[in-house]
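Residue strings, one per chain:
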2 protein chains.
Amino acid sequence: MKIIEGSVTAPEGFIAQGVCAEIKKQDKKDVAIIYSEDKCTAAGVFTKNKVRASCVDISRFHLQDGHAQAIVVNSGNANACTGEQGVADTVRMAELTAQLLDIGINDIIIASTGVIGVSMPMDKIEGGIRDAANNLSKEGAQNTACAIMTTDLVKKEIAVEIEIDGIPIKIGAIAKGSGMIHPNMATMLGFITTDADINSTCLQKLAKDSCDLSYNMISVDGDTSTNDMAIIMANGRAGNNRIENENSKEYHIFKKALDYVNITLAKQIARDGEGATRVIEVQVANAPNEITARTIGRSITTSSLVKSAIFGEDANWGRIIAAAGYSGADFDPSKTDIYLGNEKMASNGMGLVFDEDKARQELQKDTVIIKVDLKQGNENATAWGCDLSYDYVRINAAYRT
Amino acid sequence: MKIIEGSVTAPEGFIAQGVCAEIKKQDKKDVAIIYSEDKCTAAGVFTKNKVRASCVDISRFHLQDGHAQAIVVNSGNANACTGEQGVADTVRMAELTAQLLDIGINDIIIASTGVIGVSMPMDKIEGGIRDAANNLSKEGAQNTACAIMTTDLVKKEIAVEIEIDGIPIKIGAIAKGSGMIHPNMATMLGFITTDADINSTCLQKLAKDSCDLSYNMISVDGDTSTNDMAIIMANGRAGNNRIENENSKEYHIFKKALDYVNITLAKQIARDGEGATRVIEVQVANAPNEITARTIGRSITTSSLVKSAIFGEDANWGRIIAAAGYSGADFDPSKTDIYLGNEKMASNGMGLVFDEDKARQELQKDTVIIKVDLKQGNENATAWGCDLSYDYVRINAAYRT
């Protein structure tokens, strides 16, 4: 596998563009389209928040037949809690995009991200859609990555190339997410394109499993959003033998690359968390089952006390084990070891004397690795989050800052 | 019902003392005993964190027979994650206290609060126990309230007097809790004394139900502790007809007063949350069932985005409804109204134009009241929390501050 340029337009047959429609302030890109010249097999994973923007439900509805051909997205307004008008506006976005691209409205995925409860400025949105549709190109990927950003400091993009049966296959992706990140899904958006030929059942399984390893294992602040989705579109342009069997070697080669793409973007989201000064990576090992490993990992990355401690460069294993203990997972603390990097801080649930300097070095890294070895099975999971700093409060306590 | 002085020593037959044993720094009280001259009917509610200090399990064990006669407590050290030595130390505390007071070791409740993973300084602890046991008095209640504090800024105490069948009954209580508060139980301690005569079954139900309304509905940072407990001791000295029937008028009079006591202390804990500048009270009304109401209430008080917004005096109803939506509770957002004080901000899941000045006034109160009216049933619940400020981060990011 190799890393290549281009993100969502790297795979054959995909073009895109992001434009400024003046929804956000300051001359920023805020409307984009990703389009495949051929209809795609497509799959998606969506937020489970009961408070969902209409774009989530309508996109899910459009994806029922397992196909899509374009994604239209705006930032600056989530079009959530906007009632019937909001639904009409989502439909209008799809309708206009379908018209301009001359494809079926059912093949349009719609995504919005931004402030909740404010009506969409449809004149601007429509203007942006027209502008983007008229300027789709291979070069439009970066603008597209920018157009989906909200409080993100940096765009998040990646593309890789692999070989299946001697045929080059590309996977490209962009993502956004900063505050209100605790995916189950949660405001994170991930758009993945590929020229691989994959059937719908396999693509849906790949999408779900990959999200479970990546976006669903990150947390910035524990708040799950109203608008999250991860969408993958596969247009088959690479010409490989269709991947139709989840037990095949080809499926696994593709899966490995897709997981790499999604995990990389997920970590970028965690790193760009509001106010974050570093990523926290929690590796849970030797759990009795996968749910236990995941639950413990997520609990630790979500704990305000652990996050504050990491911000303060404090090797506070007590808070880590306490977070595991209240997670709801069933495990035996008296068999559990805790490491900071390679420095063992607790053995069988009790503290050890450890090298404070080594611990401090680990805590100053850009990714702080915490390992929790339960020694009670064979299952593992990794979760990511970020520290809790003054800047998180500053960013989110709008008026008093 | 009237408020009286004295907290845990207000009811007949209870004496107490808190002393400085130099476990904490700065000449602070850190060991205490609460003692009843007569054996009590007793009940307790304990943390469900899988990582539990031995004092939790041993106290629970001692309470199996429904009786107790003294509580011995230390602050400054949680005696958690301290292995076999920690267990031996907990037993030693009970043993020494039982010896000095000439009561059964099984009638001793032991509580510790403070740092996790450090061995107990038993010479100091034993010295403190002797000192407290030699100085028990009606006047010792305030010192006792101080001796259980850790990062608390203020002591938390209350006593009330009610009448049952013309007989005066007193209930006194102290509590502590600041960071690591998200009781299920979670480092909160609550000790309640009463001279009422109540049987064991009723007292256990009263304890559990009252904790469910009070301590289990507060959150400071979402982190549940390793050491929490709420203990109630009833010594019967008031001479009322024994309360034995949960459907009786007497049971309900007592319950009302006990709930008042526990809710008052729970709100004091929320107010004293690390870095808190105000309490957030979330009243969930007209839910289809109680679990839904509780779940939504707790989700909102735990949301970092809501907490930051309140700190910033930002009337951000979108974050409130999003927190309800990801809580896991089953409800219909499109029927839900949201109020800030009496100012309606959202109706049927959609935003309203509201009076920003009135909203700002509400947000500047010491207790900010958020009402969530689901309009889908008859069940209500109230949850409390506090805002998320720079000071929370400062307090918990030890080194970098």
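All figures in this text were calculated on a predicted structure; none of them were measured in a lab.

What counts, and where the lines are drawn
Residues numbered from 1 in each chain as written. Chains lettered and ligands numbered in written order. Predicted model: local features only at pLDDT ≥ 70, side-chain atom pairs only at ≥ 80, totals over all residues. Heavy atoms only, no water. Least-squares fit on C-alpha atoms with pLDDT ≥ 70 in both. Contact = heavy atoms within 4.5 Å. Salt bridge = Lys/Arg side-chain N within 4 Å of Asp/Glu carboxyl O. Helix = DSSP H or I, 4+ residues; strand = E, 2+ residues; numbered from the N terminus. Buried < 20%, exposed > 50% of the residue type's maximum accessible area, 1.4 Å probe, protein only. Domains from an automatic or database assignment. Buried area = accessible area lost by both parts, 1.4 Å probe. Polar contact = N/O pair within 3.5 Å; in protein donor to acceptor, adjacent residues only side chain to side chain. Nonpolar A, V, L, I, M, F, W, Y, C, P; charged D, E, K, R; others polar.

Caption draft 1: Structural context of the relation of the copies chain B and chain A. The transform that puts chain B on chain A rotates by 180 degrees and translates by 0.0 Å along the axis, for an RMSD of 0.0 Å. Taken together, the rotation and translation describe the operation of a two-fold axis. Ranked by how close their C-alpha atoms come to the rotation axis, the residues of chain B are headed by Y390(B), at 2.7 Å. Interface residue correspondence from chain B to chain A reaches 100%, placing this contact among same-surface, isologous pairings.

Caption draft 2: Spatial organisation of the pattern of salt bridges. All chains considered together, the criterion is met by 52 salt bridges over all chains. In this structure, the salt-bridge partner of K205(A) is D209(A), at a minimum N-O distance of 2.8 Å. Highlighted residues: K205(A) and D209(A), both in helix α5 (residues 200-213), separated by four residues, approximately one helical turn. When its relative accessible area of 30% is taken as the criterion, K205(A) is described as partly exposed. The class for D209(A) is partly exposed, based on a relative accessible area of 24%. Residues R130(B) and E126(B) are paired through a salt bridge, measuring 4.0 Å at the closest nitrogen-oxygen approach.

Caption draft 3: Up close: the domain arrangement of chain A. All names here are of chain A. Taken domain by domain, chain A comprises domain 1 (2-271) and domain 2 (279-397). Centre-to-centre, using C-alpha coordinates, domain 1 lies 31 Å away from domain 2. Both faces combined, the contact of domain 1 with domain 2 buries some 1,400 Å², and carbon together with sulfur accounts for 55% of it. By the criterion of area lost to domain 2, the three top residues of domain 1 are M217, K267 and R271, representing 40% of everything that side buries. Applying the counting rule to domain 1 against domain 2 returns two salt bridges. Applying the counting criterion to the domain 1 and domain 2 interface returns six residue pairs in polar contact (both at pLDDT 80 or more). Per-element accounting of the side of domain 1 that touches domain 2 gives the leading share, four residues, to helix α6 (residues 249-271). Of the residues belonging to the side of domain 1 that touches domain 2, the class tally is seven nonpolar, five polar and four charged.

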